[in-house]
Amino acid sequence: MAECRFQLLGPVQLFDGETAVPIGGPGVRGLLALLALKPGKVVGLDEIIDALWGHDPPATARTIVHGNVSHLRRILRDIDGPSILTTPPGYRLAVEPDRIDVHRAHTLLDRASLATPEVAAGLLAEALALWQGPALGGVPDSLQAPELEDLRLAVHGARVDADLDLGRHAELIVELSPIVRADPLAERTAGQLMRALYHAGRRGDALELYRTVSRATLRTLGVEPGAELRWLHERVLNDDLPVRTSVVPAAAEEPGKPISQLPAAVPSLAGRAGELAWLDSLVTRAEAGETTIAIVTGTAGVGKSSLVVWWAHRVARRFPDGVLFASLRGFDPHHPPLEPAELLTQFLLGLGVETAKIPELLHERVALYRSLIAGRRMLVLLDDARTAEQVRPLLPPSARTMTVVTSRSRLDGLAVSNAAKQRVLGTLAPDDAVRLIEELAGPAELNPALARLCGYLPLALRIAGARLSASAQRTAEELVDELGNERTRLAGLQIDGAEEGVRAAFDVSFRGLPGEIAETFLQLGAVPGVMVGPHLMAAVAQIPVVEARRRLRALAAHNLIAETARDVFAPHDLVWLYLRELAEQELDEKERDEAIGWTVRYYQVVADRARRRLAHVVDPLDFTGVLADEAMPPLTGFAEAQDWFATEWPNLLAALDAAYAAGRHDDVWRLALLGHTYRVACPLLDEWTRMADLGVAAAEAAGDVAGQCWLRLARCEIALTFELPGAGLADAERARELSARVPDAALSTAADLNLGRALSRRGEHEKAIERLTRAIAQAPDVTLRGQALSSCAQAEKRAGRLPDAIAHQLAGLAIDRALGDDDRVVVSLDKLAELSLRAGDLAAAERYVWEAIDLAISREFAAREGGLRLTLGRVLRARGDLDSAREQLALSVRIYERVHPKLVGEVRAELGELQ
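Residues numbered from 1 in each chain as written. Predicted model: local features only at pLDDT ≥ 70, side-chain atom pairs only at ≥ 80, totals over all residues. Heavy atoms only, no water.

Attention now goes to the pattern of salt bridges. Following the criterion strictly, the structure yields 68 salt bridges and no others. Of the charged contacts, one joins Glu47 and Lys38 as a salt bridge, the two residues approaching to 2.9 Å between their closest N and O atoms. Note on Glu47: relative accessible area 31%, which makes it partly exposed. Given a relative accessible area of 33%, Lys38 falls into the partly exposed group. Residue Asp163 is joined to Arg168 by a salt bridge in which the shortest nitrogen-to-oxygen separation is 2.8 Å. (Salt bridge = Lys/Arg side-chain N within 4 Å of Asp/Glu carboxyl O. Buried < 20%, exposed > 50% of the residue type's maximum accessible area, 1.4 Å probe, protein only.)

Okay, structure coming up:
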């Protein structure tokens, strides 16, 4: 089978083997590029819109993105390619990175950095061949990815270095001369050309090249060339430039042995190709004379120190004057953070200053330190910093020296005052996480499950691997069982007899938080769900939304949670477990109950607002005005409401479970009913059934008859939608019986309507028509009347009364259009198409079904689209267009395989008849 490939280094294209697959215009290409740049990671909907339209997106931007996602999904399904998964708050391309040329280039660059010059030259030439033109060709102009040009320059520069090591000077002169003529400010390339010219016996040309570059930098930038180029110029002038080898020559002014304070590195580093390439690119900038400060930040246990120390050992040869290293103890559980004065003493001693000559005053130590490293080419590693203030006195003044800082906190102050570049370190990719376990404990079938339970966090993975390797009696199955229990997982990620462990690492981060931020972190532990936003946090903490957002972003700055999309915050899985334990220990029962109560109330209010944007409401629940507008997210239309439900759905289910466990039965059935409207866009049978069952049980426990009726009707609708055995008849009959005890015309009509639908589905058409005709007549509002008309039309269709059915369905469609209820419009159009097909009006049937398909795609009604493709296939079959019919039925199968597996067999049977 041909392999699907993604090309981003050139015109954005999708390949099935060697065949280019047409994908569409700039918007679709841009969407594919955004997803492929982050394989396996969620790209937020807001991020997509910002990238594709900049600061001026159209009002229909969300709808356009939804439609383009559906379009790409169909293309990928047609070539058996990877899936695009809806993962709140956006989408995720589930693809192996090596199918994407960008990630292939990163891998080749990383492999080349550890290879001999001969092997490296070949690897890097292969990487350069991946570029088929300017990167991201054919996407909207607003979509920019400057890091791809940085990657190309890094690959090209490394390949030229390898060729210099191999003595290929003549070939490089031919290649590099036009590049430098076009851009004399490209100092790294100019330096490489100077070396090639000199070693080819053209010393005079090398000196003339330096004068050309010097004039260009003075004219354009007003400064001399960078330190590296000046050093090269001096060596060429003195006619003593050594042949380049894989070891960088020591600077002439510092002939002594270079300083090396690096601690031991881990034997091998799993993954991190992107981060290594980023750090390498910053070395290139430092070599070109730029002041370079890098900050690697991330949550506790994510492997910041391991990454930076391993990388520093690999690139130490590029800093001929040595490497300074210090642990700042910013988050050391046993010691306070080191003061800058102590750290400067450590560095000065390392630089050869005698103890007696170290100044007493801090500013004098700073001055001496800076004077000693001025002009040197050094690497300074500052590990485990707590604040920017702790770091600033240790920053070297030389543009030739690179500083790398690690910290659990984002040191934004350094980015502002010192132009530091920041990189947030995430968890490992699943394959890399498995490799890390295997390095410690060897291969095992359950290692992928073990890695997942560790949340792909390097500290947890190393502990799990160490536990397996330490005891021949302990099996992977036993450890998976232990970690599979959320209540014992953190205890299982602890080394016996040691204070190091995942819980201890998180605890140090928590204990260092300021008072009000720590309070918010604790409250977060009592909130059910997997993510939180400022509006929910404001409701739970009873503070303004602006203040809640500030506190959540402060927690994100400490890397205890991550802002995965705008105003969407989520901790790592293991941080969630730590939070739950912490809330149980630090908050009393009343405080935890209040947090659940405010959470449920918030979701009741906002879910009510959202469902009213999705469809017209017939039940009596109304939470309008319970919260002020500014305390709720702005849900101005259908797309925003749909996105809110998609993002918050896991939280809403978690809130239901937590409220039921806390005995809040009235809250549970109300929230279950409020969320029921989302079924039009989220056809998940198991989740809907569980929600409805929970709602019915809660209403019965609360003794609320109306609640029991509405939830039974909701469960009946689920049974009818998914064609479950019995199709909800028992629930419909019980709801009709109970509705007689409640003086509510809407409830009585809804009960008749659902009972009529259930009777018709069982074949009792005349009884159903009688019941539904009564519902049409007694409906207290136009919404219920429209639903009753549509249901009556279906019963009449089954009874063979096609003219009556079409008339009633057209009347129902008119009401649905007037109400702007898109889901009901799709359903009515589909039913009209079926009726027209039965009546022999194929043109009308095809017109109705195509209108419905277009609307279903734009609204991402996946289950509806599957049924519509089936209807269209039947229409095309009746028209004699068998090829098109087979195509539509195959699309229906693919959609149903994802959202409605129980119907796949029926559609496949029809497809088989056409083969």
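What follows concerns the sheet that holds strand 10 (residues 379-385). Taken together, six strands build an open sheet; the order of strands is 7-9-10-11-8-12 and the sheet is parallel. Strands at the two margins of the open sheet, each flanked by one partner only, are strand 7 (259-260) and strand 12 (421-424). Bridge analysis of strand 8 (residues 292-297) against strand 12 gives four bridges, and the strand direction is parallel. If you follow Ile295 over to strand 12, its bridge partner there is Gln422. Running over the sheet, helix 11 (residues 273-287) touches strand 8, strand 11 (402-407) and strand 12 and is turned about 165° from strand 8. The strands touched by helix 12 (residues 304-315) are strand 8, strand 9 (322-327), strand 10 and strand 11; relative to strand 11, the strand with the most contacts, the crossing angle is about 160°. (Pairing = 2+ DSSP bridges. Helix = DSSP H or I, 4+ residues; strand = E, 2+ residues; numbered from the N terminus. Contact = heavy atoms within 4.5 Å. Axes fitted to C-alpha atoms, helices over the stretch in contact; angles between N-to-C directions.)

What follows deals with the packing of aromatic side chains. Enumeration according to the criterion identifies eight aromatic pairs in this entry. Three or more aromatic residues joined by ring pairs form one cluster here, namely Tyr602, Tyr603, Trp644 and Phe645. Of note, Arg5 hangs over the ring of Phe15, and the distance from its end group to the ring centre comes to 4.6 Å. (Phe/Tyr/Trp six-rings, centres within 6.5 Å; stacked < 30°, edge-to-face > 60°. Lys NZ or Arg CZ within 6 Å of the ring centre and 35° of its normal.)

The next subject is a negative patch on the surface. On the surface, a cluster of negative charge is contributed by Glu3, Glu96, Asp98 and Asp431. The topology assignment puts Glu3 in the segment before strand 1 (4-7). (Patch = residues over 30% accessible without salt bridge, like charges linked within 9 Å, V, L, I, M, F, W, Y side chains within 5 Å. Areas by Shrake-Rupley, 256 points an atom, 1.4 Å probe, with all protein chains shown as cover. Lys, Arg positive; Asp, Glu negative; His and termini not counted. Charge placed at Lys NZ, Arg CZ, Asp CG, Glu CD.)

Turning our eyes to something else, we now look at the environment of Asp883. For Asp883, the position within the fold is in helix 40 (residues 882-899). Given the relative accessible area of 57%, Asp883 is considered exposed. Remark: the alpha-carbon pair of Asp883 and Ala518, spanning 365 residues in sequence, is separated by 64 Å.

A separate point is a nonpolar patch on the surface. A cluster of nonpolar side chains, namely Leu185, Leu221 and Val223, defines an oily patch on the protein surface of about 240 Å² accessible area. With respect to the helices and strands, Leu221 occurs in the loop between helix 9 (203-220) and helix 10 (227-237).

Neighbouring strands of a sheet are bound in pairs by backbone hydrogen bonds; such pairs are parallel or else antiparallel. Pairing within the open sheet is antiparallel, and its three strands lie in the order 4-6-5. Every interior strand has two partners, whereas the edge strands, strand 4 (42-44) and strand 5 (83-87), have only one. Adjacent strand axes in the sheet meet at a mean angle of 30°, parallel and antiparallel pairs treated alike. In this structure, strand 5 lies alongside strand 6 (residues 90-94), joined through five bridges in antiparallel fashion. Directly across from Thr87, in strand 6, lies its bridge partner Gly90.

Both strand 1 and strand 2 (residues 13-16) contribute to a ladder of four bridges, which runs antiparallel. Pairing of Cys4 across the sheet is with Asp16, part of strand 2. Where strand 1 folds back on strand 2, the antiparallel hairpin that results is connected by five residues, among which Gly10 adopts a positive phi of roughly 140°. In this sheet, strand 3 (residues 19-21) lies alongside strand 2 in antiparallel orientation, the contact comprising three bridges. Residue pairing for strand 3: Asp16 is matched across the bridge by Thr19. Linking two consecutive strands that pair antiparallel, namely strand 2 and strand 3, is a turn of two residues; a positive phi of about 70° is found at Gly17 within it.

We now examine helix 10. For helix 10, the buried fraction is high: eight of the 11 residues fall into the buried class. Lining the buried residues of helix 10 we find helix 8 (187-199), helix 9 and helix 11.

Turning next to the nonpolar core. If you look at soluble globular proteins, the nonpolar side chains tend to sit buried side by side. Among the nonpolar cores identified, the biggest contains 194 residues, and Trp311, Met402 and Phe521 are the most heavily contacted of them. Here this core gets 11 residues from one element, more than from any other, and that element is helix 28 (residues 638-661). Once residues within four sequence positions are removed from consideration, Phe521 is found in contact with Phe510, Leu513, Leu555, Leu560, Val575, Tyr578, Leu579 and Leu582. By size, the runner-up hydrophobic cluster in this structure holds 56 residues, among which are Val65, Leu93, Ala120 and Leu128. (Core = buried A, V, L, I, M, F, W, Y, C linked by side-chain atoms within 4.5 Å.)

With that out of the way, let us pick up the confidence of the model for the protein chain. A residue-level look at the protein chain finds 97% of positions with pLDDT of 70 or above and a mean pLDDT of 88. Residue range residues 245-255 is modelled with pLDDT below 50. Its contacts to residues more than four positions away, or to other chains, number 22 contacts. (pLDDT = per-residue confidence, 0-100.)

Next up on the list: the packing of helix 35 (residues 782-798) against helix 36 (residues 802-819). At a closest axis distance of 8 Å, the pairing of helix 35 and helix 36 adopts a crossing angle of 155°. On the basis of their axis angle, the class for helix 35 and helix 36 is roughly antiparallel. Of the two possible hands of crossing, helix 35 and helix 36 adopt the one that is left-handed. Judged by residue contacts, Val782, Thr783, Arg785, Gly786, Leu789, Ser790, Cys792, Ala793, Gln794, Glu796 and Lys797 of helix 35 engage Leu802, Asp804, Ala805, His808, Gln809, Ala811, Gly812, Ile815 and Leu819 from helix 36. Residues belonging to the contact of helix 35 with helix 36 are distributed by class as follows: nine nonpolar, seven polar and four charged. (Parallel < 35°, antiparallel > 145°, perpendicular 65-115°, else oblique. Left-handed = near helix turned anticlockwise from the far one by under 90°. Nonpolar A, V, L, I, M, F, W, Y, C, P; charged D, E, K, R; others polar.)

Let us now look at the packing of helix 27 (residues 589-614) against helix 29 (residues 665-675). The interhelical angle for the contact between helix 27 and helix 29, taken along N-to-C directions, is 25°, at an axis separation of 9 Å. It follows from the interaxial angle that helix 27 and helix 29 lie roughly parallel. Note that helix 27 runs across helix 29; the crossing there is left-handed. The residues of helix 29 that touch helix 27, namely those facing Val600, Tyr603, Gln604, Ala607, Asp608 and Arg611, are Asp667, Arg670, Leu671, Leu673 and Leu674. Residue classes in the contact of helix 27 with helix 29 are distributed as six nonpolar, one polar and four charged.

Its identity is not glycine, yet Asp239 carries a phi of approximately 55°, on the positive side. Along the polypeptide, Asp239 turns up in the loop between helix 10 and strand 7. The phi dihedral of Arg329 is positive, around 55°, even though this residue is not glycine. For Arg329, the position within the fold is in the loop between strand 9 and helix 13 (340-350).

Once that is clear, we can look at helix 37 (residues 822-839). For helix 37, which comprises 18 residues, the first-to-last C-alpha distance of 25 Å matches the rise-based estimate of 26 Å (1.5 Å per residue) to within 8%. Counting buried residues along helix 37, 14 of its 18 residues qualify, which places the element largely inside the surrounding structure. Phi turns positive one or two residues past the end of helix 37, at Gly840, with a value near 85°. (Expected span 1.5 Å × (residues − 1).)

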